[in-house]
Amino acid sequence: MKTTERFLVVTVFLIAVAIVLLVMRTAVPPTSIHDIPGEIDAFLLSVEDIAKQTINAPDKFLYKRNFTDTQTSSKSSLEEEVHDGKQCAQCYYEPFEILPEPKPVDRVEIEPVCDVFRKDLIPYKECVHIAIVICGDKMDEAGVMLKSAVLLSQSCLVVHVFTEDHLHESVSSLTHSWPEPFRGRTHIYVYPITFPNGENSEDWKRVSKPCTTQRLFLPDLLPNVDSILYVDLDVIFVKPITTTWALLDRFTATEFASATEEFEQPCMGFYNRYARHPFYGRTGLNAGIILMNLTRMREARFSNHILSLYTAYRCKFRWPDQDLINLFFYYHPETLFESPCSWNYRRRHCVYGETCESTKTDGISMLHGTSGAFHSGEMPSFQAVYEAYRDFPLGGSISRDLFKPMKEKWLDPSVNDLPCTKTIRTSVLSTLIKYQNVSGNKE
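Per chain, the residues get numbers from 1 upward, laid out in the order the sequence is written. Under the rules for a predicted model, residues below a pLDDT of 70 receive no local features and side-chain atom pairs below 80 are neither given nor counted, while totals for whole chains, interfaces and linings still include all residues. The side-chain quantities take in all heavy atoms of the structure and omit both hydrogens and water.

**Q** Help me understand the sheet that holds strand β6 (residues 257-261), please; the structure alone is not making it clear to me.
**A** Strand pairing in a sheet takes place through backbone hydrogen bonds and is either antiparallel or parallel in direction. Pairing between strands is defined by DSSP: at least two bridges between them are needed. A run of DSSP states H or I qualifies as a helix once it reaches four residues; a run of E qualifies as a strand once it reaches two. Both are numbered from the N-terminal end. Pairing in this open sheet of seven strands is mixed, and the strands run β3-β2-β1-β4-β7-β6-β8 from one edge to the other. The sheet terminates laterally at β3 (186-192) and β8 (336-338), the two strands that pair on one side only. Strand after strand, the sheet turns through a mean of 25 degrees between neighbouring axes, direction not considered. Strand direction decides the pairing type here: strand β1 (residues 128-134) and strand β2 (residues 157-163), joined by seven bridges, are parallel. Across the sheet, the residue bridging to I132 is V161, located in β2. Across the sheet, helix α4 (residues 139-151) touches β1, β2, β3 and β4 (227-231), and the angle it forms with β1 is around 170 degrees. Should any heavy atoms of two residues lie within 4.5 Å, those residues are counted as being in contact. Whenever a helix is involved, its axis is fitted only over the stretch in contact; in every case the axis is a line through C-alpha atoms, and angles between N-to-C directions fall within 0 to 180 degrees. Relative to the sheet, helix α12 (residues 320-331) contacts β6, β7 (285-293) and β8, its axis offset from that of β7 by approximately 65 degrees.

**Q** Just checking my understanding: could you explain the packing of aromatic side chains for this structure?
**A** To describe a pair of aromatic rings, one takes the distance between the centres and the angle between the planes. Pairing of aromatic side chains requires ring centres within 6.5 Å, counting the rings of Phe and Tyr and the six-membered ring of Trp. Pairs whose planes differ by under 30 degrees are stacked, by over 60 edge-to-face, and all others tilted. On inspection of all chains with the given rule, the structure shows 16 aromatic pairs. Pairing Y271 with F279 gives two aromatic rings, centres 5.7 Å apart and planes at 35 degrees, and the pair type is tilted. Taken as a pair, Y271 and F279 share a single burial class, namely buried. Every member of this aromatic cluster is reached through a ring pair, and the members are F256, F302, F328 and F329. The ring of Y189 has K119 sitting right over it, with the charged end atom 4.7 Å from the ring centre. For each residue, the accessible area found with a 1.4 Å probe, counting protein chains only, is set against the maximum for its type, and the residue is called buried under 20%, exposed over 50%, and partly exposed in between. Ring-over charges, as used throughout, are those where CZ of Arg or NZ of Lys falls within 6 Å of the ring centre and within 35 degrees of the ring normal.

**Q** Whenever I open this one, the packing of helix α11 (residues 302-313) against α12 confuses me. Can you help?
**A** Two quantities define a packed helix pair, namely the angle between the helix axes and the distance between the axes. Two numbers describe how α11 lies on α12: the axes approach to 10 Å, and their chain directions differ by 110 degrees. One way to sum up the angle between α11 and α12 is to call them roughly perpendicular. Residue-level inspection shows F302, H305, I306, L309, Y310 and Y313 of α11 in contact with α12, the latter providing L324, L327, F328 and Y331. Across the contact of α11 with α12, the residue classes break down as nine nonpolar, one polar and no charged. Here roughly perpendicular refers to angles of 65 to 115 degrees, roughly parallel to angles under 35, roughly antiparallel to angles over 145, and oblique to all remaining angles. Note that Gly is not counted as nonpolar here; it falls among the polar residues with everything else outside the nonpolar set of Ala, Val, Leu, Ile, Met, Phe, Trp, Tyr, Cys and Pro and the charged set of Asp, Glu, Lys and Arg.

Listed below in structure tokens is the structure:
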């Protein structure tokens, strides 16, 4: 086929794709681009870039991926790979190649962290331990998440916070305004952002959302902690946090982590349609909420595996931190306890119709505000919950100060009939009614 003919064919094809995507975008309710069916962000290659590549590509490699330097790039997105020819060769779509599992690195040189204020770490074995990472302007989200974690639970809570240097003082004072008994049963430890020696910390910090790759090294950073619950900051605990912590007792002898599927419906999945690397199960895992037995993970040399997987697949990631977790559990599925979607309820479970069946019997345990669901204005059902928790004074009346603001927003005609409102409203209100008499809260 001549160069001009090939260029004409490719141009017509891309115009057709653009028309289809435009129709898809106008056919769905206003929402984030990440939630439009077909994952439009998978088509990050521009018309010009694809046309140029196709003109110079042999026919048999027209839709093949062809990396010539896959070991030298730390870039994660398809767009960066295309425009950074110095590090990754330009790419073409193809079904991903399943490589033999790379041998874990011999040693991970990483120093266990110490509290920046020199507080001695007390085991607090009777407490729930959670880990969070705060980088950038996320302090308000962290405060709301922690408030929801202590609201309905009588258990003590140990919070392990990894954060940037300039935020240390702000983090240490997160609970200072809380009344007793909430403040007294919450213990905060503050740590610096820390990555393995020999690795470029700044690259690890930027490779995904700010600092979220920190979760990959928790087993080695906290050698004296047996188990921990990692949560993204955009999470609201609807049920008492102890109900999630109790999952540890359900782990089999081989399991050391629990997470939920990324999607319940394969037709809406990203990994099963666009991933360029192996992933767990049918549609991959969401890594925003992970319950971990750190002792078992250390024994399995989890961090050693993560570093070798990063080297092997580094040019094929979309969300590097989550992709690495999917890669590990692809190769070691026997180590994962798969929790139901109700433990990590997200906008995609309801925005196009209810897809999370477990909410019908279990309600919602944790509400996860992915893709800006708590702030963007596109998901008022989610935003009503976040704002009510944000404004709720710990120790106040759950009925007056939490129920009422939520219900008022949900009853707005523009919100009441939205697909997500019914499920969230029923689950959140029934849970709060059930647990509202926990010590420290008024009726």
